[in-house]
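An overview of the molecular structure
Each chain is listed here by its residues.
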Amino acid sequence: MRYKNPLSEYDTEYEKKIAFIKDKNSGSYAYKSDGTKVKLSEVNFNTVEFIGGLWRFQDDFKYNIQLIRDREMILGKKLDYKEKTFFEYYEASTIKYNCYGPIFTKFDMVVAKYVTDMQTHWGYGNNVSEARAFLGIKLYDKYKDLIHSVACKNLRSKRKK
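Here goes a summary of the coordinates provided.

Rules of the game
Residues numbered from 1 in each chain as written. Predicted model: local features only at pLDDT ≥ 70, side-chain atom pairs only at ≥ 80, totals over all residues. Heavy atoms only, no water. Helix = DSSP H or I, 4+ residues; strand = E, 2+ residues; numbered from the N terminus. Expected span 1.5 Å × (residues − 1). Contact = heavy atoms within 4.5 Å. Salt bridge = Lys/Arg side-chain N within 4 Å of Asp/Glu carboxyl O. Buried < 20%, exposed > 50% of the residue type's maximum accessible area, 1.4 Å probe, protein only. Pairing = 2+ DSSP bridges. Axes fitted to C-alpha atoms, helices over the stretch in contact; angles between N-to-C directions.

**Notes on helix α1 (residues 13-25)**
Over its 13 residues, α1 extends 18 Å from the first C-alpha to the last, a length consistent with the 18 Å expected when each residue adds 1.5 Å. Structurally, α1 contributes buried residues whose contacts are with β3 (48-51) and β4 (54-57). Two residues or fewer past α1, Gly27 is found with a positive phi of approximately 85°.

And the structure:
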């Protein structure tokens, strides 16, 4: 899959298209990550980005990128981790980009996932404990009124008397 490269010099498709057509008509080239070049007139517009003064092919990326707490991450395999929560855990990695697209070195983080009827909640950390803690805090912040109403039901009824 190809992802929009944040290093691209054009913010909008319109700007990119104008520059692409101009450079295609002037005989420019697009460069691949293996060092080869192809005439821009033979290139599909959606396969390249203009980065560092050159048109560059964006390599296919075999991983899915998931946005977790406003951070792009790659999810790996599900961890076989059992505990008394309903969380699932996955190995994960932050994502970096070079001029040919996203790159990935190793899975060095953990992501926690919790699915509700309304949405899927995520947290991440350097290990299972941190991922669980960040997800737990997020869930508490979202559902604190509900938790309080159930956890303190008897206290509230005693105060009313």
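**Let's talk about the pattern of salt bridges**
On inspection of all chains with the given rule, the structure shows five salt bridges. Put simply, Glu88 and Lys78 hold a salt bridge, and the shortest N to O gap is 3.8 Å. Pair noted here: Glu88 is in strand β7 (residues 88-94) and Lys78 is in strand β6 (residues 71-78), with a separation of ten residues, a long-range link. A relative accessible area of 48% means that Lys78 is categorised as partly exposed. Across the pair Asp80 and Lys82 runs a salt bridge, and its minimum N-O distance is 3.4 Å. When sorted by exposure, Asp80 lands in the same class as Lys82, which is exposed.

**Side note on the sheet that holds strand β1 (residues 29-31)**
Strand pairing in a sheet relies on backbone hydrogen bonds, with the paired strands running either antiparallel or parallel. The strand order across the open sheet formed by four strands is β2-β1-β4-β3, and the pairing between neighbours is mixed. Every other strand in the sheet has two partners, leaving β2 (37-39) and β3 as the edge strands with one partner each. Pairwise comparison of adjacent strand axes, ignoring direction, gives a mean angle of 40° for this sheet. Pairing of β3 with β4 involves four bridges; the strand directions are antiparallel. Of the residues in β4, the one forming a bridge with Val48 is Phe57.

Function cannot be inferred from these measures alone, as they are strictly geometric.
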